[in-house]
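# Results of the structural survey
Listed here are the chains, written in short residue letters.
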Amino acid sequence: MATLLLRNGRVIDPVTATDAILDVVIREGVVVTVGPPPEADAAAAPPDSDVEVVDCSGLLVTPGLIDLHCHVMTGLGDFCVEADQVGVDMGVPVVVDGGTSGVATFDISRRAVIDHPDTRTKVLAFIDPNQLYLATRDFICHKLTIANDLKNLDMASLEASLARNADVVVGLKARACHVGDDQHSPFLEAAQQAGGPLPVMVHLGRFPHTPVITPAALLRSMRGGDIITHAFRGAGGMIGADGKAIPEFRDAVDRGVVLDVGHSGTDFRFKEARRLFEQGYRPDTASTDLNVFNIGGPVYSLAETLTKLLALGLDLHDVVAMGTSNVARVIGRSDELGTIAPGRPAELSVLRLRTDGPFPVSDGVETVQSPAALEPIGCVRAGQWVPSAGVASFAATGRTWTDAAEGEDW
Ligand SMILES: [Zn+2]
């Protein structure tokens, strides 16, 4: 197999605290060397070997971006986008489906998407603990009130599915519906019980047709390592009347509950984010919740979501970590993802840090001028170079919004 050389890029690796001009040499899907040019290339690639060179001069080379929350089980309902469209084609080698599927439809979903030979992106998934669950445009499992029906839970089947799919399922996605007591969600509890040490991602917000437990009860129910997605949404109940984070939120963060962006159309607000950032609460992970409602704006891409965090004044190194190493840690995959090191699977992203702005970015309501922007150039997926092309952004399209109504998110 040919050698791939990412030449002369600015390598930012949060795990090793690297920020330096380096060459990365890849062969047979594995990182061979990371070192200063040109010594690294000569050592790794014999003079007459077949070398594909990607000139990364002036570009960032990071561990492969991981989108912790998007919806890519196309063909299961009508809500998902193609994995490669939001994955490798946007410079993101690894995506995690945010619980589009419940147990009964998971195996066919993995065959159709995750394991399909045409899928180039590495797809991992959160699974909903219900037997029948699918995210659709019309919230069908909520409309039919099966998202809050205890008959939809089967612990033995759920546990068997988790064991069978342990190679791709990184956790569970619970919709914290209740069956009369707004302090307890049997569905969240089932997810935590069946998953054991696996993280449970919880959607902060409501659903039509079925009630969810209160925000305070939700926060009290979460364990260290569990994930609040949409953590920086407006009207999420995280901030009290005094403008401060509510005690349950502070306690949850102190326990190690993970704060995930989960942008979506309605679930990330600059205003709310600023208030939480000012109180010291920043995202651990920066995911998109990309789906049919928001890919055409205001979300666009993971890179655009990272740009929005730069626009709010976060440090570049921290923002890179929110899209790479922090995500790997949260999903328990730090042994293979989230850093660039010899012997590791070659999943990397190449981005241009543009400073020739300002670059307007929109949360769907408010537009902010960012001094810098991250533009996807390509990624290395399982050792293969995949260039990005024509990734849309608000700056390029001026389009803030599709026709999604408030609450159309998962
Ligand atoms: Zn979602």
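Here's what I pulled together on the structure shown here. Keep in mind that what you see is a predicted model, and the values were worked out from it rather than measured.

Across all of its chains, the model carries 5 aromatic pairs by this definition. When the ring of Phe-232 is compared with that of Phe-277, the centres are 5.6 Å apart and the planes differ by 80°; the resulting orientation is edge-to-face. Highlighted residues: Phe-232 in the loop between strand 11 (227–229) and helix 8 (247–255) and Phe-277 in helix 9 (residues 270–278), separated in sequence by 45 residues. By relative accessible area, Phe-232 is classed as buried at 0%.

Let us look at helix 5 (residues 155–164). Within the sequence span of helix 5, burial applies to Leu-158, Ser-161 and Leu-162. Viewed along the axis of helix 5, the buried residues span an arc of 100°, placing them on a single side of the element. Opposite the buried face of helix 5, at more than 90 degrees from it, the exposed residues are Ala-156 and Ala-163. Buried residues belonging to helix 5 abut helix 3 (106–114), strand 8 (122–127), strand 9 (169–174) and helix 6 (186–195). For helix 5, the side-chain oxygen to backbone nitrogen distance between the N-cap and Ala-156 is 3.2 Å, and the N-cap itself is Asp-154.

A few words on the environment of Lys-151. One can find Lys-151 in the loop between helix 4 (140–143) and helix 5. Residue classification places Lys-151 among the exposed residues on the basis of a relative accessible area of 73%. Spatially, the C-alpha atom of Lys-151 lies 13 Å from that of Ala-104, the residues being 47 residues apart in sequence.

In this section: unusual backbone geometry. The linkage connecting Gly-297 with the following residue, Pro-298, adopts the cis geometry, with an omega of 10°. Following Gly-357, the chain continues into Pro-358 via a peptide bond in cis, with omega recorded as 10°. Its location among the elements puts Pro-358 in the loop between strand 13 (348–354) and strand 14 (359–362). Its identity as a non-glycine residue notwithstanding, Phe-139 has a phi of 55°, on the positive side. With respect to the helices and strands, Phe-139 occurs in the loop between strand 8 and helix 4. Under the relative-accessibility criterion, Phe-139 is labelled buried at 5%.

The strands making up a sheet associate through hydrogen bonds between their backbones, and the pairing can be parallel or antiparallel. Spatially, the 7 strands line up as an open sheet ordered 6-7-8-9-10-11-12, and their pairing is parallel. In this open sheet, the two edge strands, each paired with only one partner strand, are strand 6 (66–70) and strand 12 (258–259). As paired elements, strand 6 and strand 7 (residues 94–98) share 3 bridges and run parallel to each other. In the strand pairing of strand 7, Ile-66 is matched with Val-94. Contacting strand 9 and strand 10 (200–203), helix 6 runs over the sheet at an angle of about 165° to strand 9.

This paragraph deals with the pattern of salt bridges. Taken as a whole and assessed by the stated rule, the structure comprises 21 salt bridges. For the salt bridge of Asp-115 with Arg-110, the shortest nitrogen-to-oxygen distance reads 2.8 Å. Overall, Arg-110 belongs to the buried group, its relative accessible area being 11%. The shortest N-O distance in the salt bridge between Arg-333 and Glu-336 comes to 3.0 Å.

Calculation criteria
- Residues numbered from 1 in each chain as written.
- Predicted model: local features only at pLDDT ≥ 70, side-chain atom pairs only at ≥ 80, totals over all residues.
- Heavy atoms only, no water.
- Phe/Tyr/Trp six-rings, centres within 6.5 Å; stacked < 30°, edge-to-face > 60°.
- Helix = DSSP H or I, 4+ residues; strand = E, 2+ residues; numbered from the N terminus.
- Buried < 20%, exposed > 50% of the residue type's maximum accessible area, 1.4 Å probe, protein only.
- Arc of directions from axis to C-beta.
- Contact = heavy atoms within 4.5 Å.
- Polar contact = N/O pair within 3.5 Å; in protein donor to acceptor, adjacent residues only side chain to side chain.
- Pairing = 2+ DSSP bridges.
- Axes fitted to C-alpha atoms, helices over the stretch in contact; angles between N-to-C directions.
- Salt bridge = Lys/Arg side-chain N within 4 Å of Asp/Glu carboxyl O.

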